[in-house]
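What follows is the residue order along each chain.
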Amino acid sequence: MMSRGVFVTGTDTGIGKTLTSAILTSAWHATYWKPLQTGLNEEDGDSPTVKHLASLPAERLIPPAYALQAPLAPSAAADLEGIRINPGRLVLPDVNQPLVVEGAGGVMVPVTEDLLMIDIMARFALPVVIVARSGLGTINHSLLTIEALKRRGIEILGIVFSGDENPGNMRDIERIGQVQTLLSIPKIANITPQTISDYAKNVPALNNLLHRV
Ligand SMILES: Nc1ncnc2c1ncn2[C@@H]1O[C@H](COP(=O)(O)OP(=O)(O)OP(=O)(O)O)[C@@H](O)[C@H]1O
Ligand SMILES: C[C@H](N)[C@H](N)CCCCCC(=O)O
Ligand SMILES: [Mg+2]
C-alpha cells in the first residue's frame, strides 16, 4: 500500500518545521522520518526532538538516511565528510501509520550536486505542508516557496504559520498564492510533550486534515 502522509517543508531553516512535525505526528499517531539530517556536531538532530515531544515509541521513528555533522545544506555537509549522497537511498519507508517526513531547510536546498530538496519532494509525491513565519518577511518567502512547488506540479496541502497570528499576512498569502492556512501555531512559551499533546488534541483542524492525506 502507498504510504499516506505529508512532507513538511519550510520557507527557511529554523522556522518551525520540527515543531509542526511533532504536532502532526502526535495528532495523527504518525511515523516520523527526517531523511537528511545535518548539523549533528552542534545539536542532537530533529528525530530525538520529535521522539521526545510527540512521545513516540521507537518503532514510529525511522532513522535518517544520512546523518551529517556540519550545520550546512546536505550536499555541503556530505562533501565535508567525503560522502556522496545516493538519491536511490531516499525512498519512502512503507509503514502502516501516516508518515510525517521533514525536509532540511527550505525547498531550494542542495541535496547533491544536481538535485535540490524540491526534486526529492517531487519523487516522494506526498502532499506538502509549508511552514512559514507569521510576521514580517513571510509574504515574499511564502509566495516564492509556493511558486516553486506549483511550477513543478507538487501538491500543496496548505501552509502553517508559526508565531503571533498575523491575519493580514495570512490573507495575502492565501489570496495571491491560492493556498489554504492549515494551522496558525501561537508562540508557545514552554514546548514540552505535555503542551504538544494538549495542542494536538485540542485543535480539531488537525484531525480533519488527516482525512485529506
Ligand atoms: N510557535 C513557536 N513557539 C515557540 N517556539 C517556536 C515556535 N516555532 C518555532 N519555535 C522554536 O524555534 C526554533 C526553530 O524551530 P524548529 O526546530 O521547528 O525549526 P526547523 O524549521 O525544524 O529547522 P531545521 O531547518 O533546522 O530543521 C526551535 O527552538 C523551536 O522550538
Ligand atoms: C543545519 C540546519 N539546522 C539545517 N539542518 C540545514 C539548513 C540548510 C540551509 C541551507 C540554505 O538555505 O542556505
Ligand atoms: Mg527541523
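Residues numbered from 1 in each chain as written. Chains lettered and ligands numbered in written order. Predicted model: local features only at pLDDT ≥ 70, side-chain atom pairs only at ≥ 80, totals over all residues.

**Details of the site of ligand 1**
Counted only if it meets this: Any residue qualifies as near a molecule or strand once its backbone-derived C-beta atom lies within 6 Å of it. A run of H or I in DSSP counts as a helix once it spans at least four residues, and a run of E counts as a strand once it spans at least two, with each numbered from the N terminus. Three residue categories are used. Nonpolar comprises Ala, Val, Leu, Ile, Met, Phe, Trp, Tyr, Cys and Pro, charged comprises Asp, Glu, Lys and Arg, and polar comprises the others, including Gly.
Near ligand 1, the surroundings consist of 16 residues, among which Thr13, Gly16, Lys17, Thr18 and Leu19 are the closest. Top element by residues in the shell around ligand 1 is helix α1 (residues 17–28). It accounts for three residues. Looking at the shell around ligand 1 residue by residue, the class counts come to five nonpolar, eight polar and three charged.

**Re the site of ligand 2**
In the vicinity of ligand 2, the contacting residues are Thr13, Thr38, Gly39, Pro71, Ala73, Ala104, Gly105, Gly106 and Val109. By residue class, the composition of the shell around ligand 2 is four nonpolar, five polar and no charged.

**Let's talk about the sheet that holds strand β9 (residues 181–185)**
Worth spelling out the cut-off: When DSSP locates at least two bridges between a pair of strands, those strands are taken to pair. The contact criterion used is a C-beta to C-beta distance within 7 Å, with each C-beta placed from the backbone. The axes used here are C-alpha line fits, helices contributing only the stretch in contact, and every angle between their N-to-C directions lies in the interval 0 to 180 degrees.
Reading across from one edge, β4-β2-β6-β1-β7-β8-β9 is the order of the seven strands in this open sheet, with parallel pairing throughout. Looking along the sheet, the strands with just one partner apiece sit at the ends: β4 (61–62) and β9. As judged from the three bridges shared by strand β2 (residues 31–33) and strand β6 (residues 99–102), these two strands associate in the parallel manner. From the neighbouring strand, threonine 31 faces β6, where its bridge partner is leucine 99. Docked against the sheet, helix α5 (residues 138–151) engages β7 (128–133) and β8 (156–162), running at close to 165° with respect to β7.

**Looking at the packing of α1 against helix α2 (residues 46–53)**
Rules: An angle below 35 degrees is read as roughly parallel, one above 145 as roughly antiparallel, one from 65 to 115 as roughly perpendicular, and any other as oblique. For a crossing to be left-handed, the near helix must be turned anticlockwise from the far one by less than a right angle; the clockwise case is right-handed.
Remark: α1 packs on α2, axes separated minimally by 9 Å, with the N-to-C direction vectors making an angle of 40°. One way to sum up the angle between α1 and α2 is to call them oblique. Taken as a pair, α1 and α2 cross one another with a handedness that is right-handed. Along the contact surface, α1 presents Thr18, Ser21, Ala22 and Thr25, while α2 presents Asp46, Thr49, Val50 and Leu53. Residues that form the contact of α1 with α2 fall into these classes: three nonpolar, four polar and one charged.

**Observations concerning the pairing of β9**
In regular strands, side chains alternate between the two faces of the sheet. Applied cut-off: Place the viewer so that the strands point away; then a crossover is right-handed whenever the path from the first strand over the helix to the second strand goes clockwise.
As judged from the four bridges shared by β8 and β9, these two strands associate in the parallel manner. Looking across to β9, one finds that serine 162 is bridged to isoleucine 185. Handedness of the crossover is the feature at issue here: the chain leaves β8, passes through helix α6 (residues 167–177), returns alongside β9, and the resulting connection is right-handed.

**Describing the environment of isoleucine 188**
Spelled out, the test is: Exposed residues have 12 or fewer other C-beta atoms within 10 Å of their own C-beta, buried residues have 20 or more, and partly exposed residues fall in between, where C-beta atoms are placed from the backbone.
Turning to its location among the elements, isoleucine 188 is positioned in the loop between β9 and α7 (193–202). A count of 15 C-beta atoms within 10 Å places isoleucine 188 in the partly exposed class. Distance from isoleucine 188 to glycine 5, taken between C-alpha atoms, is 25 Å for residues 183 residues apart in sequence.

**Focus: the UniProt feature "binding site: substrate" (unreviewed entry) in the protein**
Going by this rule: UniProt positions are given in the numbering used here, feature names are shortened, and annotations may be inferred rather than shown by experiment.
What UniProt calls "binding site: substrate" (unreviewed entry) maps, in this numbering, to Thr38. Mapped onto the elements of the fold, threonine 38 is located in the loop between β3 (36–37) and α2. Once you skip the residues sitting within four places of it in the chain, threonine 38 turns out to touch Leu68, Ala70, Pro71, Leu72, Pro74, Ala77 and Ala104.

**A look at the packing of α5 against α6**
Closest axis-to-axis distance for the α5/α6 pair is 10 Å, and the angle between their directions is 25°. Considered as vectors, α5 and α6 are oriented roughly parallel to each other. α6 is crossed by α5, and the crossing has right-handed handedness. Packed against α5, whose contacting residues are Thr138, Ile139, Ser142, Leu143 and Ile146, the element α6 presents Asn169, Asp172, Ile173, Ile176 and Gly177 at the interface. A class-by-class count of the residues in the contact of α5 with α6 yields five nonpolar, four polar and one charged.

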